[in-house]
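One letter stands for each residue in the lines below.
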Amino acid sequence: MIQRRAFVASALVAALAVPAGLVAAQEKRASPHETVKATIDGGTVSITYGRPSMKGRKIFGGLVPYGQVWRTGADEATVLETDKALMFGPLHVNPGKISLFSLVTEKGWTLVLNKQTGQWGTDYAQAQDLGRVPMRVETLKTPVEQFTISIEQGPSGKGGVLVMQWETTKASVVFGTM
């Protein structure tokens, strides 16, 4: 009887400790995390990412160095999940999960689609790249304080547009479904 009570008490403590640990980990992060979702051509596309803020810092060419692959957010690698096959330019993305990285230069942005998921954002392995596609870059008149990713409907009503905004930069890439 005493062993049973001890077991139940231990199980209860363990059950409460796991969610508390997850909450503590989230509270230690300097950047909040978000998942954005959209229905594109009948399929669900979601992106989970960390949302760092400018906090008075120079972002591109500063916090995000030019010419180096960036985690595209904060903390863990940014993850795109889809239940429908997608096409980013010539790149075919199967249903499932991939990581998104970015290569930012003074002349433009490149979206890096990477097959490895679950890694810390700075643990980038180029050998795992599915491929890279150029992004359209625009200068914003009003700065965006917190890094933001959105998924929008494509301009023709088909496919979608992946949009990233931070500081005074908006980078986007059109994608289709298969």
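Use the structure listed above.
So, here's what we can say about the structure. Computed from a predicted structure; not experimentally measured.

## What about the layout of surface pockets?
Next, step 1: In this structure, the largest pocket occupies an estimated 270 Å³ of space.
Next, step 2: Surrounding the largest pocket, 21 residues form its lining, Leu63, Val64, Trp70, Arg71 and Gly73 being those nearest its centre.
Next, step 3: Classifying every residue of the lining of the largest pocket by side-chain character gives 11 nonpolar, 6 polar and 4 charged.
Next, step 4: Of the voids in this model, the second largest pocket is the one considered here, and its volume is about 210 Å³.
Next, step 5: Lining the second largest pocket are 13 residues; nearest its centre among them are Thr48, Tyr49, Ala77, Val79 and Lys97.
Next, step 6: Elements supplying a minimum of two residues to the lining of the second largest pocket: strand S2 (43–50) and strand S4 (78–82).
Next, step 7: Sort the elements by how many residues they give to the lining of the second largest pocket and S2 lands first, with 4 residues.
Next, step 8: The residue inventory of the lining of the second largest pocket, partitioned by class, reads 4 nonpolar, 6 polar and 3 charged.

## Here's the deal with the environment of Val173
Next, step 1: Residue position: Val173 is located in strand S10 (residues 160–177).
Next, step 2: Here Val173 falls in the buried class, since its relative accessible area comes to 8%.
Next, step 3: Between the alpha carbons of Val173 and Val133 there is a distance of 8.1 Å; along the sequence they are 40 residues apart.
Next, step 4: Here Val173 is in contact with Phe88, Leu111, Val133, Pro134, Met135, Gly160, Val161 and Leu162, once residues within four sequence places are set aside.

## Observations concerning the nonpolar core
Next, step 1: Counting residues in hydrophobic clusters, the biggest one holds 33 residues, and the most contacted among them are Ile47, Phe88, Leu111, Leu113 and Leu162.
Next, step 2: Every element with two or more residues in this core is listed here: strand S1 (33–40), S2, strand S5 (86–88), strand S6 (91–93), strand S7 (96–104), strand S8 (109–114), strand S9 (129–153) and S10.
Next, step 3: When residues of this core are assigned to their parent elements, the largest contribution, 6 residues, is made by S10.
Next, step 4: In contact with Phe88, not counting residues within four places along its chain, are Leu80, Val93, Leu111, Leu113, Val133, Leu162, Val173, Val174 and Phe175.

## Quick notes on unusual backbone geometry
Next, step 1: At Asp41, a residue that is not glycine, the phi angle is positive and equals roughly 50°.
Next, step 2: With respect to the element layout, Asp41 can be found in the loop between S1 and S2.
Next, step 3: The exposure class of Asp41 is partly exposed, given its relative accessible area of 26%.

The rules behind these values
Residues numbered from 1 in each chain as written. Predicted model: local features only at pLDDT ≥ 70, side-chain atom pairs only at ≥ 80, totals over all residues. Heavy atoms only, no water. 1 Å grid on protein atoms, 1.4 Å probe; cavity = no way out; pocket = protein on both sides within 12 Å on 5 of 7 lines; lining within 4 Å. Points joined across faces, edges and corners; volume = space filled by probe spheres on them. Nonpolar A, V, L, I, M, F, W, Y, C, P; charged D, E, K, R; others polar. Helix = DSSP H or I, 4+ residues; strand = E, 2+ residues; numbered from the N terminus. Buried < 20%, exposed > 50% of the residue type's maximum accessible area, 1.4 Å probe, protein only. Contact = heavy atoms within 4.5 Å. Core = buried A, V, L, I, M, F, W, Y, C linked by side-chain atoms within 4.5 Å.

In short, geometric facts, not functional conclusions.
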